[in-house]
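What follows is each chain in one-letter form.
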Amino acid sequence: MTKYILLLLAITFINVIGQFFIKKGVSGQELSLASLAGIKYFLTLFLQPYIIFGFLFYAVSSILWMFVLSKVDLSLAYPMLSFGYVLVLVISKFFLHEAVSLQRWIGVFLICGGMILLAWNN
């Protein structure tokens, strides 16, 4: 079971890296629902290297996720993804230079505490 928990953590990390790349790709873009309806704008947006890398990371994490789900109960696997909240806060703070309040940190660690309780018996 430990190897699957480690794989779940790796999947979470890969997923968060994908989110980071997509965030970098859309930062500074003037996005609206109307602009996304235009084919030219849509193609321009989705052909940006950051966006492509983001979706590639998502694809890898999805493939690994399917493998894990074939071996582990969903009721265990899905809560383990909450570790991604911690990674997102770290990336947001140190790589995207976003303001992250103490209240957000506390909230995320409370969620992760619940994740640890769920995984404890496994």
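Relevant structure appears above.
Bear in mind the structure is a predicted one, so any value in this text is a computation, not a measurement. (Residues numbered from 1 in each chain as written. Predicted model: local features only at pLDDT ≥ 70, side-chain atom pairs only at ≥ 80, totals over all residues. Heavy atoms only, no water.)

Things to note about the overall build of the chain
When helices and strands are counted, the chain shows 7 helices and 0 strands. Written out in order from the N terminus, the α and β elements of the chain read α-α-α-α-α-α-α. Taking the principal axes of its C-alpha atoms as reference, the chain extends roughly 50 × 35 × 20 Å. Looking at the chain as a whole, 31% of its 122 residues qualify as buried. By sequence separation, contacts in the chain at least 24 residues apart represent 70% of the contacts at least 6 residues apart. Looking at the chain as shown, the accessible area adds up to about 8100 Å², and 72% of this sits on carbon and sulfur atoms. (Helix = DSSP H or I, 4+ residues; strand = E, 2+ residues; numbered from the N terminus. Buried < 20%, exposed > 50% of the residue type's maximum accessible area, 1.4 Å probe, protein only. Contact = heavy atoms within 4.5 Å. Areas by Shrake-Rupley, 256 points an atom, 1.4 Å probe, with all protein chains shown as cover.)

Some thoughts on the environment of Ile-63
Relative to the elements of secondary structure, Ile-63 occurs in helix H4 (residues 49-69). Considering only alpha carbons, one finds Ile-63 and Ile-11, 52 residues apart in sequence, at a separation of 9.3 Å.

Points about a nonpolar patch on the surface
A cluster of nonpolar side chains, namely Ile-39, Phe-42, Leu-43, Phe-46, Leu-47, Ile-52, Phe-53, Phe-55 and Leu-56, defines an oily patch on the protein surface of about 860 Å² accessible area. Within the residue set of the nonpolar patch, elements represented by two or more residues are helix H3 (39-46) and H4. Within the secondary structure, Phe-46 is located in helix H3. On the basis of relative accessible area, Phe-46 is assigned to the partly exposed category, the value being 31%. (Patch = residues over 30% accessible without salt bridge, like charges linked within 9 Å, V, L, I, M, F, W, Y side chains within 5 Å. Salt bridge = Lys/Arg side-chain N within 4 Å of Asp/Glu carboxyl O.)

Quick word on the packing of aromatic side chains
This structure, assessed with the given rule, holds 10 aromatic pairs. Judged by centre distance (5.8 Å) and plane angle (35 degrees), the rings of Phe-21 and Phe-53 are tilted. With Phe-21 in helix H1 (residues 2-26) and Phe-53 in helix H4, this residue pair connects regions lying 32 residues apart in the sequence. Residue Phe-21 is classed as buried on the basis of its relative accessible area of 18%. Taking 5.5 Å as the distance between ring centres and 35 degrees as the angle between the ring planes, the aromatic pair formed by Phe-21 and Phe-57 counts as tilted. Of this pair, Phe-21 sits in helix H1 while Phe-57 sits in helix H4, and the two are 36 residues apart along the sequence. Every member of this aromatic cluster is reached through a ring pair, and the members are Phe-20, Phe-21, Tyr-50, Phe-53, Phe-57 and Phe-95. (Phe/Tyr/Trp six-rings, centres within 6.5 Å; stacked < 30°, edge-to-face > 60°.)

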